[in-house]
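Residue-level structure breakdown
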Amino acid sequence: MSKQAFDSDVLVIGGGPAGSAAAAFLARAGRGVVLLERDRFPRFHIGESLLASTNDVLRAIGADEAVRRAGFTQKWGATFMPADGSIERYLDFGAAPGVAAPQTWQVPRAAFDDLLLRHAAASGADLREGHRAIDVAFDADGVTATVRASDDAPAAYSLRARVVIDASGRGALLGRKFDLRVEEPRLANVAVFAHYSGVPRPAGRRAGDIRIVARDDLGWFWLIPISPALMSVGVVLPRAAFRAFAALDHEEVLARAIAETPVVAGLLAAARREWPVRVERDFSFGSRAYAGDRWLLAGDAGSFLDPVFSTGVAIALESGLEAAQAVEEGIARGDLSARSFRRFSRRQRQRYLSFRRFVIGFYTPEFRDLFFDEDPPERMYRALATVFAGYWRPSIVTRVWVALFLALARLQKRIGFVPRREAAQREPGSVYSKT
C-alpha cells in the first residue's frame, strides 16, 4: 500500500502517561500520529507518586516545564516504617548516587494525565478522545485499526498506519489478541484505598514524601500527600492476609486495617475520609513479548507491578518514550519488524525483572528484617535509594551494593533466620516487646 494510503505514520492506542509520552515524542519528531483515547479526560486513575527518573522523560518530551508550573506537591524521597513506627528508614533521592534531578512530584492522576494528554495534542498529535480501538489487523505493509467513536456509535471506521503502539492499559488490546499476559501469582494482592484530610505531615522538605508502613501480615500502607489538603491512604494485602478481612465490606476492611496498624492509626486519629473507598485486585503481570512486526507495547499494556515502590507511572513514561524512539529509528531505517525492536523488548523485560526482585522481596520477612536493620551500612541504603528513585540500571558500584543487599536477604532465608521482631519480643524494654 502506498504512503498516501496511510492516515498516519503511527497509531497510538491509549492516552495515559505511556501513550501521551509516545505521541508527544513522535509528533515533535515530525511524524504523523493519531492518538486514540476511549475516555474523555480528566478521569480517575489510581496512583499518584512519581519517581525521580520520570524527570528525564518529561524533559525528553518537552513537558517538564508544564509539570513544574502545575503546582503539584514536591517529593524528595520515601520513608519506610514498620507497623509500630519504631524505625524510620528514609531514602533521600538527593543523597542517591547517579540521581541528577532528585526532586519529583506527588500528583493526582486525573490532573497529571490530562496535562500530558493535552501536551501530546499541543505537540501535534491528532488526539481523538472518546474513540476506542476494537481490533488491529496486520499485513506486510502496515496496520489497520477498527475504531468506534463511542459505545453507542452506529458504525465503526478504519484507520491505517505504518505501526501501532499499544498503550491501552490493563485492557491490553494486543496483549489479549496475542495472549501475551503472564500473571504473577506471588503478587495476587488486594488494594483498598481512599483520600483523607487532616493527616499530619513531616516538617520541611520531607512534607511531600510518600510514607510506606509495613504490616506484620506482610501487607503495607501507603500515605501520599497529593495536595495541601488531601492524603491518599491505602492498604495492600496479600491474598492470604486478605482472607481475615473477607467477610467485611470495603469500608470496614480499610477501617480495620488502619486500627490494626499502630503508626497509621495514630496518624489518622483526627483525619476525615473525603472519598469513597475503592478496591483493586490482582494487578501485577508481565508479558511474553513486548514487540513484534509493526507493534509495540507500552505502559500497563505490557506489564504492571505491585505499587509498593511506585514504579507504575515511571515504567509507563519510560516505556512510552522508548517505544516512540524505537519507532522513530525503525521508520528512519525502513524496518518496523520485530527484529528492529529487539533492543526495546529486551529493555522492557530487564526493567520489569529488575524492579520485580524488590517487589517480591518486600513480601518476605527476611527482606523486611534486613531493610529495617537499626544500623545499616549507609552506602548500601544510598544505593537502594538510587533504584527506588527509578534508576534500575545504575553504576557498577551501586549495582554491587544493591546485589549485596539482595544476597544478604537470600542468605537469611536460606539459613532459616528468626525475624528480629519475633526474637526481641522476650526482651523487656525492646521496641518490639509486647510486655
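Notes on the structure in this doc start here. These figures come from a predicted structure and were not determined experimentally.

1. Quick look at helix 12 (residues 378-388)
- Among the 11 residues of helix 12, 8 are classified as buried, and the element is accordingly described as predominantly covered.
- Buried residues of helix 12: M380, Y381, A383, L384, A385, T386, V387 and F388, and no others.
- The elements touched by buried residues of helix 12 are strand 5 (89-92), helix 10 (342-362), helix 11 (365-371) and helix 13 (396-414).

2. Considerations on helix 4 (residues 109-122)
- End to end, helix 4 covers 19 Å across 14 residues, agreeing with the expected 20 Å (1.5 Å per residue, within 8%).
- Inspection of helix 4 places R109, F112, D113, D114, L115, L116, L117, H119 and A120 among the buried residues, and these make up the whole buried set.
- On the buried face of helix 4, the contacting elements are helix 1 (17-28), strand 2 (33-37), helix 2 (54-60), helix 3 (64-69), strand 7 (126-129) and helix 9 (312-333).
- Directly after helix 4, the chain includes G124, whose backbone phi takes a positive value near 120°.

3. Side note on the pairing of strand 9 (residues 143-148)
- Burial along strand 9 is one-sided: V143, A145 and V147 are buried, and none of T144, T146 and R148, which face the opposite way, are.
- By the bridge criterion, 6 bridges tie strand 8 (residues 132-138) to strand 9 in an arrangement that is antiparallel. Across the sheet, A137 pairs through a bridge with T144, a residue of strand 9.
- Counted along the chain from strand 8 to the antiparallel partner strand 9, the turn is 4 residues long.
- In terms of strand pairing, strand 9 meets strand 10 (residues 157-166) through 5 bridges, oriented antiparallel.

4. Thoughts on unusual backbone geometry
- Following F41, the chain continues into P42 via a peptide bond in cis, with omega recorded as -5°.
- Within the secondary structure, P42 is located in the loop between strand 2 and helix 2.
- Its identity as a non-glycine residue notwithstanding, A172 has a phi of 45°, on the positive side.
- Along the chain, A172 turns up in the loop between strand 10 and helix 5 (173-177).
- Non-glycine residue R294 carries a positive phi angle of around 70°.

5. Remarks on the nonpolar core
- F112, I165, L296 and F371 are the most contacted members of the largest nonpolar core, which totals 99 residues.
- No other element matches the 10 residues that helix 9 contributes to this core.
- Residues within four places of I165 in sequence aside, it is in contact with V10, L11, V12, I13, A22, L26, L296, A298, A323, A324 and V327.
- Core analysis: the second largest hydrophobic core is formed by 25 residues, F245, V263, L268 and V277 among them.

6. Considering a nonpolar patch on the surface
- On the surface, a cluster of nonpolar side chains totalling about 330 Å² of accessible area is made up of L404, L408, L411 and I415.
- Tracing the backbone shows L411 in helix 13.

7. Description of the packing of aromatic side chains
- Across all of its chains, the model carries 22 aromatic pairs by this definition.
- On the numbers, 6.2 Å between centres and 70° between planes, the contact of F72 with F112 is edge-to-face. In this pair, F72 sits in the loop between helix 3 and strand 3 (73-75) while F112 sits in helix 4, placing the two residues 40 residues apart along the sequence. F112 shares its class with F72; the two are buried.

8. Describing a positive patch on the surface
- There is a patch of like positive charges on the surface, built from R339, R342, R343, R346, R393 and R399.
- Element by element, the count of residues in the positive patch is highest for helix 10, at 3 residues.
- Within the fold, R393 resides in the loop between helix 12 and helix 13.

9. Notes on the side chain of T79
- Its location among the elements puts T79 in strand 4 (residues 77-82).
- Only 3.1 Å separates the side chain of T79 from the side chain of R206, close enough to count as a polar contact.
- Other than its neighbours up to four places away in sequence, T79 contacts E88, R89, Y90, R206, I210, R211 and I212.

Definitions and limits used
Residues numbered from 1 in each chain as written. Predicted model: local features only at pLDDT ≥ 70, side-chain atom pairs only at ≥ 80, totals over all residues. Heavy atoms only, no water. Buried < 20%, exposed > 50% of the residue type's maximum accessible area, 1.4 Å probe, protein only. Helix = DSSP H or I, 4+ residues; strand = E, 2+ residues; numbered from the N terminus. Contact = heavy atoms within 4.5 Å. Expected span 1.5 Å × (residues − 1). Pairing = 2+ DSSP bridges. Core = buried A, V, L, I, M, F, W, Y, C linked by side-chain atoms within 4.5 Å. Patch = residues over 30% accessible without salt bridge, like charges linked within 9 Å, V, L, I, M, F, W, Y side chains within 5 Å. Areas by Shrake-Rupley, 256 points an atom, 1.4 Å probe, with all protein chains shown as cover. Salt bridge = Lys/Arg side-chain N within 4 Å of Asp/Glu carboxyl O. Phe/Tyr/Trp six-rings, centres within 6.5 Å; stacked < 30°, edge-to-face > 60°. Lys, Arg positive; Asp, Glu negative; His and termini not counted. Charge placed at Lys NZ, Arg CZ, Asp CG, Glu CD. Polar contact = N/O pair within 3.5 Å; in protein donor to acceptor, adjacent residues only side chain to side chain.

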